[in-house]
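Coordinate inspection notes
For reference, the chains in residue letters:
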Amino acid sequence: MHLRRSALTAAAAASLLALTACGGGSSDTGDAPEPVESASFEAGTTMAELSQAGAITIGTKFDQPGFGLRGLGDTPEGFDVEVGKGIAAQLGLSEDQITWVEAPSSQREDLITQGSVDMVIATYTINDTRKERITFAGPYYVAGQQIMVGEAEDRLTGPDDLRANPDLKICSVNGSTPSENIREYLASPDQLVLFEVYDDCVTAMKNGQVQAMTTDNVILTGYVAENEGEFKLVGEQFTEEPYGIGITKGDTAFCEFVNGALQTMSEDGSYEEAWTSTAGEYEGTEVPTLPTADACV
Amino acid sequence: MDPVLENLDLFWGGFVRSLGIVLWAFAGSMVLGTALAVCRVSPVPVLRAVGTGYVAVVRNTPLTVVLFLFAFGIPALQVNASFYVFGVAGLVVYTAAFVCEAIRSGINAVAPGQAEAARAIGLTFGQTLTQVVLPQAVRTVVPPLGNVQIAMVKNSAVVGAFGVGGELFSVATRLTSAQGEPRLPVYLGVAAFFLLITLPAGALLARTEQRLAVAR
Amino acid sequence: MGTTAAEQPLVVARGVVKRFGDHAALKGVDLTVHRGEVVVVIGPSGSGKSTLCRTLNRLETVDGGTIEIDGQPLPAEGRELARLRADVGMVFQSFNLFAHKTVLENVTLGPVKVRRQPRAKAEQRARELLDRVGVGSQAEKLPAQLSGGQQQRVAIARALAMDPKVMLFDEPTSALDPEMINEVLDVMTGLAKDGMTMVVVTHEMGFARRAADRVVFMADGEVAEVAEPEAFFTAPSSRRAQDFLSKLLTH
């Protein structure tokens, strides 16, 4: 899976145009971003390598409704996936030149450091611990953590009510950033119930085994919409979770290219299109504007 | 091994939690498994059927399914308890099927004449088992039982996925996912802490086998 | 019944049927044993004599017929049956001493656990019985350290310790080396002389002749002949008994 290749020669660069043109022509998906026909990059950069190889491997979630969810088909669907397609297009790569790899939360850094993927777009919150091992491009979206409760629950109106109601249990996914953020609000560690996937939290809520669940608001909005009349969101967003795109640590040129690609998507409307066709379909969500990119370091 | 050394307090907390789960599951599965084995060799047809049915169903069901049924199935019947209790109960129910079979094979290894002689002097079924058959079965039962219980210790890593937080495996997931620690050293750390349970258990087992051998 | 307890037979089997799959081991066997009587059951291998012996304390269940011990029908599995078995001593072909217990513990287990006797009293009585069968010096040993003849005598002491109303012997000398057979038969003869009610399944014709009050000859799952030993061995009335005895004599 490792995609590192030797530096491009000038001759190879010349043949690149023909190659990407062929790749673009074979794409038959109507609403996919059209690959840029005249992609050309400085020799030796990651962009040049990917572009010349005519292939890119992207890690994303396979179980995150709205962002990266693989249903019965072969490829996942969601906002992260659309962003990935947009960036690939600007490398001159068509949709079928992308290989999607599942990137569960616990494996994201390892996938990047081992070179198994070229980038990870997987509801991947930018934070300092993670930056020790990888570099983030973006952010391309800022999520915020919120709390979801049963429709009839009135004891919880925000995270601060947890300590006053130690018998209430709140659910999240083990190892997720929201599950770490909520710890400071708890009366005791036992108040927090953790599973591998959010679906288990929803089941536990329906069984009355937990009374609340917390994660990024877009995910919760999806569950509120899917289970009409059963759940509601309470309180304001109490964190900011900037989602970044994980790449090899120190690849500043690639980071800047991705930021530029995101900016282009924002300007030509494909960013908004990506949102409204995926996570934006859930009721109660707003079309985001592309956040200002962090400096690439 | 920096990720382990830097988070030793988290690992230790996970170890203590895992040890608790394992000890409860050991005690519970030994009691339930022995009771099931007694059912399986009992002269009462209904009890035999219960024991046989239990083993056939539970032993052939994946552990994750058993744990799922406890964590989400039983609460759907309006019976509620903490996920910790459900997790341990699932582990007990699953392991008991294997304990039952290990003990039953030990009972079957005792010559049938022993039980006949016991019955012939008027011992009841229970006395026959406790006075004559089980003491002789112990020696053959210890090695397979040890295997069953060591497998249980390792199986206990699965309960983390069913809401039983804080044990070793959940700690590992927390470190690798939320804090972005590399997985290899973290899971080596998990392995090391599991060995801290299984190696002494194995040594205890070997000593028990030796003592029983001498006692004959 | 109109009979007093003393006249009432101790063991009564009527029409006992036992099948193992398609094979009928017992095809309607009747047997009556009176108090103080020694009944020796003989017959060729496969005649069902061992099976009959084992049905008398329900180590084998029966498929038909009834068995009464001291006027009581054999209860089904459970405490009642255990109580009844305590009154019926049994000695097996393969001794079946409890392998993990000493000789003394083998003999005291029943009295302590079933008869609820104090341990000291049970041990005193056990030592008397072990002396009586001639293995008193072996009390602290494990069964595996004893010869076959010694083990079988311990097994007899174990049965006697329960003060049984009747003793069943299921081929008690068949697993013994020839030189050990007599030490066991001597103990049994002594018991018979002391008035113990006994049912003995055996191939030892000498013992049958010497100790039996009655001989029951079985063949093919049926009782072919019942007679006093002298009459049976000198002038058997059934054809099958004649065949059986003639084969023995030619050896």
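Our subject in this report is the structure included herewith. Please read all numbers here as calculations on a predicted model, not as lab measurements.

Topic: the overall build of chain C
The helix and strand tally for chain C stands at nine helices and ten strands. C-alpha atoms of chain C, sized along the principal axes, occupy 55 × 45 × 40 Å. Counting over 251 residues, chain C shows a buried share of 55%. In chain C, 66% of the contacts between residues at least 6 apart in sequence involve partners at least 24 apart. As displayed, chain C offers around 11100 Å² of accessible surface, 48% of which is attributable to carbon and sulfur atoms. If the 31 positive side-chain charges of chain C are averaged to one point and the 32 negative ones to another, these points end up 5 Å apart.

Thoughts on the state of the cysteines
Residue and element names in this part refer to chain A. With the rule as written, the count across this model stands at two disulfides over all chains. For Cys-171, the disulfide goes to Cys-201, at an S-S distance of 2.0 Å. Taking the sign of the torsion about the S-S bond as the criterion, the disulfide between Cys-171 and Cys-201, at about -80°, is left-handed. Note that Cys-171 is positioned in strand β8 (residues 170–173) and Cys-201 in helix α7 (residues 198–206), a separation of 30 residues in sequence. Since its relative accessible area comes to 0%, Cys-171 is described here as buried.

Some details on the interface of chain A and chain B
Each partner contributes to the interface: chain A provides 27 residues, whereas chain B provides 23 residues. Both sides of the chain A and chain B interface together cover about 2100 Å² of buried area, and 49% of this is carbon and sulfur. Our count for the chain A to chain B interface comes out at two salt bridges. Where Arg-174 of chain B meets Glu-180 of chain A, a salt bridge forms, and the shortest distance between an N and an O atom there is 2.6 Å. In this structure, the connection of chain A to chain B is made through six residue pairs in polar contact (both at pLDDT 80 or more). Of all the secondary-structure elements, those providing two or more residues to the side of chain A that touches chain B are α4 (108–113), α5 (128–131), β9 (192–195) and α7 of chain A. For the side of chain A that touches chain B, the per-class residue count stands at five nonpolar, twelve polar and ten charged.

Notes on unusual backbone geometry
The omega torsion of the bond from Gly-138 of chain A to Pro-139 of chain A falls at 10°, within 30 degrees of zero and hence cis. Along the chain, Pro-139 of chain A falls in strand β6 (residues 134–143). Unusually for a residue other than glycine, Phe-95 of chain C sits at a positive phi of about 65°. Here Phe-95 of chain C lies in the loop between β6 (88–91) and α3 (103–113). Unlike most non-glycine residues, Asp-220 of chain C shows phi in positive territory, near 55°. Among the structural elements, Asp-220 of chain C can be located in the loop between β9 (214–219) and β10 (222–227).

Some words on the packing of helix α5 (residues 148–160) of chain C against helix α6 (residues 178–193) of chain C
Residues and elements named next belong to chain C. Where α5 meets α6, the axes come as close as 8 Å, and the angle between the chain directions of the two elements is 20°. Judged by the inter-axis angle, α5 sits roughly parallel to α6. At the point where α5 passes α6, the crossing takes the right-handed sense. Of the residues in α6, those in contact with Gly-148, Gly-149, Gln-150, Gln-152, Arg-153, Ile-156 and Leu-160 of α5 are Met-180, Glu-183, Val-184, Val-187, Met-188 and Leu-191. Among the residues forming the contact of α5 with α6, the class breakdown is seven nonpolar, four polar and two charged.

Things to note about the pattern of salt bridges
Side chains carrying opposite charge are able to pair once their charged atoms draw close together. Residues and elements named next belong to chain C. The tally for this structure, following the rule as stated, stands at 29 salt bridges over all chains. In this structure, the salt-bridge partner of Lys-49 is Glu-171, at a minimum N-O distance of 3.9 Å. Taken together, the positions of Lys-49 in helix α1 (residues 49–55) and Glu-171 in the loop between β7 (166–170) and α6 put the pair 122 residues apart, joining distant regions of the chain. For Lys-49, a relative accessible area of 2% gives the class buried.

What about the sheet that holds strand β4 (residues 64–69) of chain C?
Residue and element names in this part refer to chain C. Spatial ordering of the open sheet is given by β2-β1-β4-β5, a layout of four strands whose pairing is antiparallel. Bordering the open sheet on either side are β2 (23–33) and β5 (72–73), each of which pairs with just one other strand. The pairing of strand β1 (residues 11–20) with β4 spans five bridges and is classified as antiparallel. Each bridged residue has a counterpart across the sheet, and for Val-12 the counterpart in β4 is Glu-68.

Details of the packing of aromatic side chains
Between two aromatic rings, the relevant description is the distance of the centres plus the angle of the planes. Per the counting criterion, the structure on display carries 27 aromatic pairs over all chains. Centre to centre, the rings of Phe-79 of chain A and Tyr-140 of chain A are 6.0 Å apart; their planes meet at 40°, and the pair counts as tilted. On the criterion of sequence distance, the pair formed by Phe-79 of chain A in helix α3 (residues 79–90) and Tyr-140 of chain A in strand β6 is long-range, its members being 61 residues apart. Judged by relative accessible area, which is 0%, Phe-79 of chain A ranks as buried. Aromatic pair Phe-195 of chain A and Phe-72 of chain B: ring centres 5.4 Å apart, planes at 40°, arrangement tilted. Separated into two different chains, Phe-195 of chain A in strand β9 and Phe-72 of chain B in helix α4 (residues 63–76) make up a pair that spans both.

Re the pairing of strand β10 (residues 212–216) of chain A
Residues and elements named next belong to chain A. Counting buried residues in β10 gives five out of five residues, a clear majority hidden from the surface. For strand β7 (residues 145–150) and β10, the ladder comprises five bridges, and the chain directions are antiparallel. Within β10, the position partnered with Met-148 by the bridge is Met-213. Pairing geometry for β8 and β10, over two bridges, is parallel. Paired with Ile-170 across the bridge in β10 is Ala-212.

So, a nonpolar patch on the surface
Where nonpolar side chains cluster on the molecular surface, the patch consists of Val-44, Val-46, Leu-47 and Val-50 of chain B and spans about 320 Å² of accessible area. With respect to the helices and strands, Val-44 of chain B occurs in the loop between α2 (8–41) and α3 (45–59).

Concerning the interface of chain C and chain B
In this complex, chain C contributes 25 residues to the contact, which on the side of chain B involves 17 residues. For the pair chain C and chain B, the number of links is one salt bridge. The closest approach of N and O atoms between Glu-116 of chain B and Arg-54 of chain C, which form a salt bridge, is 2.5 Å. Inspection of the chain C/chain B interface yields seven residue pairs in polar contact (both at pLDDT 80 or more). The set of elements that each furnish at least two residues to the side of chain C that touches chain B consists of α2 (79–86), β6 and α3 of chain C.

Considering the pairing of β4 of chain C
All names here are of chain C. As paired strands, β4 and β5 are joined by two bridges and run antiparallel to one another. Looking at β5, one finds that Ile-69 is bridged to Gln-72. What sits between β4 and β5 in their antiparallel hairpin is a turn of two residues, with Asp-70 showing a positive phi close to 50°.

Examining helix α7 (residues 125–155) of chain B
Under the 1.5 Å per step criterion, the end-to-end length of α7 of chain B is only 34 Å for 31 residues, more than 12% shorter than the ideal 45 Å. The largest bend along α7 of chain B measures about 50° and falls at Val-141 of chain B, with the proline Pro-143 of chain B one to four residues further on.

What about the sheet that holds β8 of chain A?
All names here are of chain A. Pairing within the open sheet is mixed, and its five strands lie in the order β9-β8-β10-β7-β11. Looking at which strands have only one partner, the edges of the open sheet turn out to be β9 and β11 (231–234). Within this sheet the neighbouring strands show an average axis-to-axis angle of 35°, counted without direction.

Analysis parameters
- Residues numbered from 1 in each chain as written.
- Chains lettered and ligands numbered in written order.
- Predicted model: local features only at pLDDT ≥ 70, side-chain atom pairs only at ≥ 80, totals over all residues.
- Heavy atoms only, no water.
- Helix = DSSP H or I, 4+ residues; strand = E, 2+ residues; numbered from the N terminus.
- Buried < 20%, exposed > 50% of the residue type's maximum accessible area, 1.4 Å probe, protein only.
- Contact = heavy atoms within 4.5 Å.
- Areas by Shrake-Rupley, 256 points an atom, 1.4 Å probe, with all protein chains shown as cover.
- Lys, Arg positive; Asp, Glu negative; His and termini not counted.
- Charge placed at Lys NZ, Arg CZ, Asp CG, Glu CD.
- Disulfide = S-S within 2.5 Å.
- Buried area = accessible area lost by both parts, 1.4 Å probe.
- Salt bridge = Lys/Arg side-chain N within 4 Å of Asp/Glu carboxyl O.
- Polar contact = N/O pair within 3.5 Å; in protein donor to acceptor, adjacent residues only side chain to side chain.
- Nonpolar A, V, L, I, M, F, W, Y, C, P; charged D, E, K, R; others polar.
- Axes fitted to C-alpha atoms, helices over the stretch in contact; angles between N-to-C directions.
- Parallel < 35°, antiparallel > 145°, perpendicular 65-115°, else oblique.
- Left-handed = near helix turned anticlockwise from the far one by under 90°.
- Pairing = 2+ DSSP bridges.
- Phe/Tyr/Trp six-rings, centres within 6.5 Å; stacked < 30°, edge-to-face > 60°.
- Patch = residues over 30% accessible without salt bridge, like charges linked within 9 Å, V, L, I, M, F, W, Y side chains within 5 Å.
- Expected span 1.5 Å × (residues − 1).
- Bend = angle between axes of the 7 residues up to and from the residue.

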